[in-house]
Amino acid sequence: MIRYDWTLSEVREIYHRPLLSLIMEAAAVHRQFHKPGQVQTCTLLSIKTGGCPEDCAYCAQSVRYQTGVQVHRLLDVEVVVEAARQAKEAGATRFCMGAAWREVRNNRDFERVLEMVRRVRALGLEVCATLGMLTPEQALALKEAGLTAYNHNLDTSESYYSKVITTRKYEDRLHTLAAARAAGLRLCSGGILGLGESDEDRIALLHTLATMQPHPESVPINALVPIEGTPLADAEPPSVWEIVRAIATARILMPQSMIRLAAGRERLSPAEQALCFVAGANSIFLGEKLLTAPNAAPTEDARLFTLLGIEPLPAFAETLHE
Ligand code: SAM
Ligand code: DTB
Ligand code: SF4
């Protein structure tokens, strides 16, 4: 049974359960809806890097902080297609393109992104994009080009949002998610742990996601990657226990969604990652790099997959109960 009417106090109760029972419950839910050992493999590419006018306190790509990230205009289509081909060869089934934009503009760059979507889709990959705010028309154009999913993270609770980002509102995020949904796109939306938020903020974020109907098809749980030069450079990244707690709660609330152990995975040992998979994570980013920050090493990931008996979820696979 999938529920969309979770109350805040129910979410709070689940989140605060003793960790071992929380993990075991999440694992049981996971088995009902997903094949154990099947993990979605996504690869990220930054198609337009840096120079972003927004002030997201965690981000390497905001113009407001000196982070050492090299600004780069929108990549050429061929470069992107080649990167997607290589990602596929390396075992990825979803290709996600990220642009450091506040919002999409109706110009040549957007036309080029639409072409990238068509070409990557033609390789037989699921295509995801994260381009900032969208209008309903832009969302439709992306859908028509063959986009599978749109990533747009809520990052944290509505009440903590202004402590992290001042250049846009939570409401703006919700509007873009609604536009993407209305266009028939799948949603990818999650958050970041380690922004200085409280347990209550994490609970509120999970509650917001779990009361969307339908739930976002994928929910990335990012652990902050502290970036030098940003206001959060010295923030302490979350512990594995905090990550596992958030994953397990998300799994119980949104049984059918893909829960992605996203940024910050490279700091976790194989045993810690295994614990995240047991707690319900079933999606990861493969490849050397996230957008600008390093990711878990491909050779270590190959070893991890063999060790744990993980196989990549085929592209366009439906979950067991869909
Ligand atoms: N500009 C678009 C936007 O903000 O939606 C798309 C790109 S943005 C880099 C995509 C997501 O990456 C953010 O919403 C945030 O959740 C995540 N992210 C960015 N920097 C991060 C960091 N240092 N650690 C963890 N997650 C990060
Ligand atoms: C998501 O939730 N995490 C990814 C993807 N969606 C776009 C981005 C992580 C970015 C990590 C920091 C960086 O590489 O700059
Ligand atoms: Fe820009 Fe996205 Fe980074 Fe915020 S998270 S500064 S919107 S690239």
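See the structure shown above.
This structure is a prediction, so every number in the text was calculated from the model and none was measured.

Colleague: So, the layout of surface pockets: which residues are in play, and what are the values?
Modeller: In this structure, the largest pocket spans a volume of roughly 620 Å³. What lines the largest pocket is a set of 28 residues, and nearest its centre among them are Thr43, Leu44, Leu45, Glu288 and Lys289. When contributions to the lining of the largest pocket are tallied by element, the ones reaching two or more residues are strand E1 (38–48), helix H3 (77–89) and helix H11 (298–308). The dominant element in the lining of the largest pocket, judged by the number of residues it contributes, is E1, at 5 residues.

Colleague: Please set out the pairing of strand E7 (residues 218–223) residue by residue, giving values where relevant.
Modeller: For E7, the tally of buried residues reaches 6 of 6 residues, placing the bulk of the element in the interior. Judged by which residues are buried, E7 turns out to be covered on both faces: Ser218, Pro220 and Asn222 on one side and Val219, Ile221 and Ala223 on the other are all buried. Sheet topology places strand E6 (residues 191–193) next to E7; 3 bridges connect them, and they run parallel. Counterpart to Gly191 in the pairing with E7 is Ile221. The parallel pair E6 and E7 is bridged by helix H8 (residues 199–210), and the resulting crossover is right-handed. Both E7 and strand E8 (residues 258–261) contribute to a ladder of 4 bridges, which runs parallel. Pairing of Val219 across the sheet is with Ile259, part of E8.

Colleague: I'd like a rundown of helix H1 (residues 8–15), residues and numbers included.
Modeller: Among the residues making up H1, those that are buried are Val11, Ile14 and Tyr15. For H1, the angular spread of the buried residues around the axis is 100°, confining them to a single face.

Rules and cut-offs
- Residues numbered from 1 in each chain as written.
- Chains lettered and ligands numbered in written order.
- Predicted model: local features only at pLDDT ≥ 70, side-chain atom pairs only at ≥ 80, totals over all residues.
- Heavy atoms only, no water.
- 1 Å grid on protein atoms, 1.4 Å probe; cavity = no way out; pocket = protein on both sides within 12 Å on 5 of 7 lines; lining within 4 Å.
- Points joined across faces, edges and corners; volume = space filled by probe spheres on them.
- Helix = DSSP H or I, 4+ residues; strand = E, 2+ residues; numbered from the N terminus.
- Buried < 20%, exposed > 50% of the residue type's maximum accessible area, 1.4 Å probe, protein only.
- Pairing = 2+ DSSP bridges.
- Right-handed = clockwise from strand over helix to strand, strands pointing away.
- Arc of directions from axis to C-beta.

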